[in-house]
Amino acid sequence: MKFTWPPTDTLRPLDLEAHRRDPSSAPTIIRLLNETDAAAAWTVLEDSREVGWVAVRTAPLDGRPAGVARAGLRAPDPIGPIEESMLHTSSGDALRLVQRLALERPDGAAFVVVQASWSWVVGDELVVLSSSSAEPALAELLIARVDALAAKIVIDA
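About the cut-offs
- Residues numbered from 1 in each chain as written.
- Predicted model: local features only at pLDDT ≥ 70, side-chain atom pairs only at ≥ 80, totals over all residues.
- Heavy atoms only, no water.
- Phe/Tyr/Trp six-rings, centres within 6.5 Å; stacked < 30°, edge-to-face > 60°.
- Lys NZ or Arg CZ within 6 Å of the ring centre and 35° of its normal.
- Pairing = 2+ DSSP bridges.
- Helix = DSSP H or I, 4+ residues; strand = E, 2+ residues; numbered from the N terminus.
- Axes fitted to C-alpha atoms, helices over the stretch in contact; angles between N-to-C directions.
- Contact = heavy atoms within 4.5 Å.

Caption draft 1: The packing of aromatic side chains, seen in detail. Under the criterion given, the structure shown has zero aromatic pairs. Of note, Arg105 hangs over the ring of Phe111, and the distance from its end group to the ring centre comes to 4.1 Å.

Caption draft 2: Just the sheet that holds strand β2 (residues 11-14), in detail. Read from one edge of the open sheet, seven strands run β2-β3-β4-β8-β7-β6-β5, paired in antiparallel fashion. Only two strands of the sheet have a single partner each, and these edge strands are β2 and β5 (79-89). Strand-to-strand twist in this sheet, taken as the mean axis angle between neighbours without regard to direction, amounts to 25°. By the bridge criterion, ten bridges tie strand β6 (residues 92-104) to strand β7 (residues 110-122) in an arrangement that is antiparallel. Paired with Glu104 across the strands is Ala110, a residue of β7. In this fold helix α4 (residues 136-150) packs onto β2, β3 (40-46), β4 (49-60), β5, β6, β7 and β8 (125-133), with an angle of close to 55° to the strand it touches most, β4.

See the structure below:
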């Protein structure tokens, strides 16, 4: 499957492949993305500063309805309601989910993460863009940037 972004200076590729061979030297975010089988990932920039990341992965539907496959994108215990909407894109309609999660750092400090995902059914697979931010002030900006990119992404099966 091939993903083509619109021309942008908003994305900088993250080298997941180099760290798959030697995860010990990988930054935490790259180790986590590799654990989720991300096919590719990018840092999302705003005026040359990092506001978050976005990753893409695919999952076979294996005969399941898309709604069943998408259920796995939902956090088991979100804070408040999950925001769900359809985004019309050049590759068809995408389901966008935004959810907030309470997590705990190794030192016991609690914090909130905002997770967002965009998913398309392409052939017999679910294509998922995902991002998250532990900085609520940047989360909305990150989601807006990925919304704009997702609207123009071209997915070729």
